[in-house]
Amino acid sequence: MGVISKTDHPEADLEKAQSILKGLGFAGQIYPVSALTGEGIRELKKALKW
């Protein structure tokens, strides 16, 4: 499981972050999240069974 945080940041580049993870050989599910907006938090909690 991978988590990309601060997706709400004005300079955030989600595609680049995902590309870096995949380039390093990561093949699991990636969860982009923002604590500020709450985006992706529900999905991450569900994946963690929290």
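Right, let's walk through the structure included here. Being a predicted model, the structure only gives us computed values, none of them experimental. (Residues numbered from 1 in each chain as written. Predicted model: local features only at pLDDT ≥ 70, side-chain atom pairs only at ≥ 80, totals over all residues. Heavy atoms only, no water.)

### Let's talk about the overall build of the protein chain
Line of reasoning, step 1. Regarding its fold elements, the protein chain presents two helices and two strands.
Line of reasoning, step 2. Ordered by position in the sequence, the α and β elements of the protein chain form the string β-α-β-α.
Line of reasoning, step 3. When its C-alpha atoms are laid out on the principal axes, the protein chain stretches across 30 × 30 × 10 Å.
Line of reasoning, step 4. Within the protein chain, the proportion of its 50 residues that are buried is 16%.
Line of reasoning, step 5. Considering only intrachain contacts with a sequence separation of at least 6, the fraction spanning at least 24 residues in the protein chain is 57%.
Line of reasoning, step 6. Here the protein chain displays about 4,100 Å² of accessible surface, and carbon together with sulfur accounts for 54% of that area. (Helix = DSSP H or I, 4+ residues; strand = E, 2+ residues; numbered from the N terminus. Buried < 20%, exposed > 50% of the residue type's maximum accessible area, 1.4 Å probe, protein only. Contact = heavy atoms within 4.5 Å. Areas by Shrake-Rupley, 256 points an atom, 1.4 Å probe, with all protein chains shown as cover.)

### Considerations on a nonpolar patch on the surface
Line of reasoning, step 1. A cluster of nonpolar residues, Met1, Val3, Leu48 and Trp50, forms a patch on the protein surface that exposes about 500 Å² of accessible area.
Line of reasoning, step 2. With respect to the helices and strands, the residue tryptophan 50 is situated in the segment after helix H2 (41-48).
Line of reasoning, step 3. What makes tryptophan 50 exposed here is its relative accessible area of 75%. (Patch = residues over 30% accessible without salt bridge, like charges linked within 9 Å, V, L, I, M, F, W, Y side chains within 5 Å. Salt bridge = Lys/Arg side-chain N within 4 Å of Asp/Glu carboxyl O.)

### Notes on the side chain of serine 34
Line of reasoning, step 1. Of note, serine 34 is situated in the loop between strand S2 (30-32) and H2.
Line of reasoning, step 2. By relative accessible area, which is 0% here, serine 34 ends up buried.
Line of reasoning, step 3. Side-chain polar atoms of serine 34 contact the side chain of aspartate 8, separated by 2.4 Å.
Line of reasoning, step 4. Ignoring anything within four residues of it in the chain, the contact list for serine 34 reads Thr7, Asp8, Glu39 and Ile41. (Polar contact = N/O pair within 3.5 Å; in protein donor to acceptor, adjacent residues only side chain to side chain.)

### Comments concerning the environment of proline 32
Line of reasoning, step 1. With respect to the element layout, proline 32 can be found in strand S2.
Line of reasoning, step 2. Assessed through its relative accessible area of 27%, proline 32 is described here as partly exposed.
Line of reasoning, step 3. Residues proline 32 and glutamate 15, spaced 17 residues apart in sequence, show a C-alpha to C-alpha distance of 10 Å.
Line of reasoning, step 4. What proline 32 contacts, discounting residues up to four positions off in sequence, is Ile4, Thr7, Leu14, Glu39 and Gly40.

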